[in-house]
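# Fold and geometry: a report
Listed below, chain by chain, are the residues.
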Amino acid sequence: MNRIALLLLLGVIGVPATSAVATPTPAPFRWGRLGHRVIARVAASQLDKAAKEQVRYLLGNETLASVATWGDEVRKERPETGNWHYIDIPITDSVYRPERYCPDGCVIEALNTQLAILANRGGSRAERAEALKWVVHLVEDLHQPLHVGERGDQGGNDVKLTWQGQPSNLHRLWDSQLLEASGLDENAWVARLEREIAHRGDLLQVRMGTPERWAMESHAVSRDVVYPFLPQSLEVGRQYYEQVHVILEDRLFRASVRLASLLNGVLGGR
């Protein structure tokens, strides 16, 4: 079964699935620090010349990767930004309802706001630099399924489980532990995704859409993959990884391509 067929079957491209799927031999897959940096580095490699110049102008000696976790690092100092990182849409709903799910701000609203600030060439360098840091971080968060879809459990934080025999929770599992289970380091992940981008024929389709649409795509992954594939015992091991690793990698891939596309659009020459 090829990648696109599997994604179709799992509901990522429009056809919901509710049962586990046999996968080929496992390939290596809030993201933890590793996920945030990987997405930012792959996105940076796709920027056009004008966008790269703007990034250098705004960030100075910093890079997209070095600022990718900035949004988490300032969270304690700026508690008003706490709800910028997620939106809790029950997996029983399939529609983004801002009045219900984003009354006091959420990742979708925050990303749209920061994109507008970044796009304003008349704004101050400091304001636009901060907006760039937020855009990088929020696009990444938007593609972590449990930052969007949940079932009344704080995005999986309340789902206590064991991961390979150690206590954990579902949110942490998808933030970092499944990614680490691939055995790949940051450089290997970047190389893997860049090869993927070089050979994929659907980049235009992946780039299409809006933050709202991308959020509901993450929501579908929560609904059709994250929760249904959990064993009833909540003793999670390699089998769960083997069932979901293709989707994990696809979330990183899509976040990288879309982040680059947004930055080329607001900072670049097109």
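Here is a short report on the structure shown in this document.

Interaxial distance between helix α2 (residues 33–44) and helix α9 (residues 186–199) falls to 9 Å at its minimum, and their mutual angle equals 45°. Here α2 is positioned oblique relative to α9, judged by the angle of their axes. By crossing handedness, the relation of α2 to α9 is classed as right-handed. Every residue of α9 that contacts α2 at Leu 34, Arg 37, Val 38, Arg 41 and Val 42 is listed here: Glu 186, Asn 187, Trp 189, Val 190, Leu 193, Glu 194 and Ile 197. Split by residue class, the contact of α2 with α9 holds seven nonpolar, one polar and four charged.

Our next topic: the packing of aromatic side chains. By the definition in use, this model includes three aromatic pairs. Seen from their ring centres, Trp 174 and Tyr 240 are 6.4 Å apart, and the 85° between their planes marks the pair as edge-to-face. Within this pair, whereas Trp 174 is found in helix α8 (residues 170–180), its partner Tyr 240 is found in helix α12 (residues 238–267), the two being separated by 66 residues in sequence. Classification of Tyr 240 by relative accessible area gives buried; the value is 2%. Feature note: the residues Trp 70, Trp 84 and Trp 134 constitute an aromatic cluster, connected by ring pairs. Sitting over the face of the ring of Tyr 57, Arg 125 holds its NZ or CZ atom 4.8 Å from the ring centroid.

When two helices pack together, you describe them by how their axes are tilted relative to each other and by the distance separating the axes. Two numbers describe how helix α3 (residues 49–59) lies on α12: the axes approach to 8 Å, and their chain directions differ by 85°. The angle between the axes of α3 and α12 places the two elements in the roughly perpendicular class. Residues Ala 50, Ala 51, Gln 54, Val 55 and Leu 58 of α3 form the contact with α12, whose participating residues are Leu 263, Asn 264 and Leu 267. Looking at the contact of α3 with α12, its residues break down into six nonpolar, two polar and no charged.

Glancing now at the nonpolar core. Within the largest apolar cluster, 81 residues are counted, with the highest numbers of intra-cluster contacts made by Ile 87, Leu 132, Leu 170, Trp 174 and Tyr 240. Sequence-distant contacts of Trp 174, defined by excluding residues within four places in its chain, comprise Trp 31, Gln 144, Pro 145, Leu 146, Val 225, Val 226, Tyr 240, Val 244 and Leu 248.

In this section: the environment of Arg 100. On the secondary structure map, Arg 100 appears in helix α5 (residues 98–101). Taking the C-alpha atoms as reference points, Arg 100 and Asp 88, separated by twelve residues in sequence, lie 9.9 Å from one another.

Two side chains carrying opposite charge are able to pair once their charged atoms lie near each other. With the rule as written, the count across this model stands at 15 salt bridges. When the shortest N-O distance is used, the salt bridge between Arg 151 and Asp 153 registers 3.8 Å. The exposure class assigned to Arg 151 is partly exposed, which follows from its relative accessible area of 49%. For Glu 217, the salt bridge goes to Arg 254, with nearest N and O atoms at 3.2 Å. Of the two residues, Glu 217 is situated in helix α11 (residues 211–226) and Arg 254 in helix α12; the sequence distance between them amounts to 37 residues.

What counts as what
Residues numbered from 1 in each chain as written. Predicted model: local features only at pLDDT ≥ 70, side-chain atom pairs only at ≥ 80, totals over all residues. Heavy atoms only, no water. Axes fitted to C-alpha atoms, helices over the stretch in contact; angles between N-to-C directions. Helix = DSSP H or I, 4+ residues; strand = E, 2+ residues; numbered from the N terminus. Parallel < 35°, antiparallel > 145°, perpendicular 65-115°, else oblique. Left-handed = near helix turned anticlockwise from the far one by under 90°. Contact = heavy atoms within 4.5 Å. Nonpolar A, V, L, I, M, F, W, Y, C, P; charged D, E, K, R; others polar. Phe/Tyr/Trp six-rings, centres within 6.5 Å; stacked < 30°, edge-to-face > 60°. Buried < 20%, exposed > 50% of the residue type's maximum accessible area, 1.4 Å probe, protein only. Lys NZ or Arg CZ within 6 Å of the ring centre and 35° of its normal. Core = buried A, V, L, I, M, F, W, Y, C linked by side-chain atoms within 4.5 Å. Salt bridge = Lys/Arg side-chain N within 4 Å of Asp/Glu carboxyl O.

On their own, these measurements won't tell you what the molecule is for.
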